[in-house]
Amino acid sequence: MTERGMEIDDRPAPEEPQALIQRAFDVARRDPDQAEERLREAAKAAPEDATVRWALARFLHDARGDVDEAEAVYRAALELDPEHSAALSDYARLLHYLRRDLDAAEALYRRAVEARPDRAEPRCDLAYFTEQARGDHDGAEVIYEQALALEPTHPDSLESFARFLHHVRRDA
């Protein structure tokens, strides 16, 4: 007690959710249990933060292979922020590769592009999907070109478009 009669809380202040996310990803490879604990702690500390939910979903999907829980957490992230581009793209990947729900995946990839019309990455994801899942090479080429028009030095777009041109368009 202080002289004013108030108790002093000497516990350390809780970490900000973003700091917990970063620390979780820093330890994920060497200690996935600790990483998961930190991400769940961040989710508890910031129940309205879509980015925290996205980070947890991505960890569950990528590191744990827990598709069912990852899907539920991606949905929770998108309920909090329907335009969270990373959550849209990552959930689309889950639906594309693991659930084989191509129509739902495509809708999410397109929503990610709409959410971030100024960024190359969502377009690159959509272009790859259009090429691989739909077999629409003309459509994919247009989308790759749009991505590079937005960010001419975007590494993933450059690499994906170069691969596309080499493997798909070399005979054209």
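Model, not experiment: these values are computed from the prediction.

**Q** Where do I start with the environment of Arg100 in this structure?
**A** Locating Arg100 in the fold gives a position in the loop between α5 (85–99) and α6 (102–115). In this structure the C-alpha to C-alpha distance between Arg100 and Ala133, which are 33 residues apart in sequence, comes to 9.6 Å. Within polar-contact distance, the side chain of Arg100 engages the backbone oxygen of Tyr97 at 2.9 Å.

**Q** Even after reading the chapter, I still don't get the packing of aromatic side chains, so can you show me in this structure?
**A** The description of two aromatic rings rests on the distance between their centres and on the angle between their planes. Per the stated rule, a full pass over the model turns up 5 aromatic pairs. With 5.5 Å between their ring centres and 50 degrees between their planes, Tyr144 and Phe164 make a pair best called tilted. Of this pair, Tyr144 sits in helix α8 (residues 137–150) while Phe164 is found in helix α9 (residues 155–167), placing the two residues 20 residues apart along the sequence. On the accessibility criterion, Tyr144 (1% relative accessible area) is buried. Between the aromatic rings of Phe161 and Phe164, the centroid separation amounts to 6.1 Å while the plane-to-plane angle is 15 degrees, which identifies the pairing as stacked. Of the two residues, Phe161 and Phe164 both sit in helix α9, 3 residues apart, roughly one turn of that helix. Per residue, the accessibility class of Phe161 equals that of Phe164, and both read buried. By way of ring pairs, the aromatic residues Tyr144, Phe161 and Phe164 are connected into one cluster.

**Q** Is there a simple way to think about the pattern of salt bridges in this case?
**A** Evaluated as defined, the whole model comprises 17 salt bridges. Measuring nitrogen to oxygen at the nearest pair gives 3.0 Å for the salt bridge that ties Arg40 to Glu36. In this pair, Arg40 and Glu36 are both assigned in helix α2 (residues 32–45), 4 residues apart and thus about one turn of the helix distant. In this structure Arg40 comes out as partly exposed when scored by relative accessible area, which is 32%. On the accessibility criterion, Glu36 (16% relative accessible area) is buried. Arg134 serves as the salt-bridge partner of Glu106, at 2.8 Å between the closest nitrogen and oxygen. Of this pair, Glu106 sits in helix α6 while Arg134 sits in the loop between α7 (120–132) and α8, and the two are 28 residues apart along the sequence. The buried category is assigned to Glu106, whose relative accessible area is 17%. When salt bridges with common partners are traced through the structure, they connect Asp33, Glu36, Arg40, Arg64 and Glu69 into a single cluster.

Reading the values: rules and limits
- Residues numbered from 1 in each chain as written.
- Predicted model: local features only at pLDDT ≥ 70, side-chain atom pairs only at ≥ 80, totals over all residues.
- Heavy atoms only, no water.
- Helix = DSSP H or I, 4+ residues; strand = E, 2+ residues; numbered from the N terminus.
- Polar contact = N/O pair within 3.5 Å; in protein donor to acceptor, adjacent residues only side chain to side chain.
- Phe/Tyr/Trp six-rings, centres within 6.5 Å; stacked < 30°, edge-to-face > 60°.
- Buried < 20%, exposed > 50% of the residue type's maximum accessible area, 1.4 Å probe, protein only.
- Salt bridge = Lys/Arg side-chain N within 4 Å of Asp/Glu carboxyl O.

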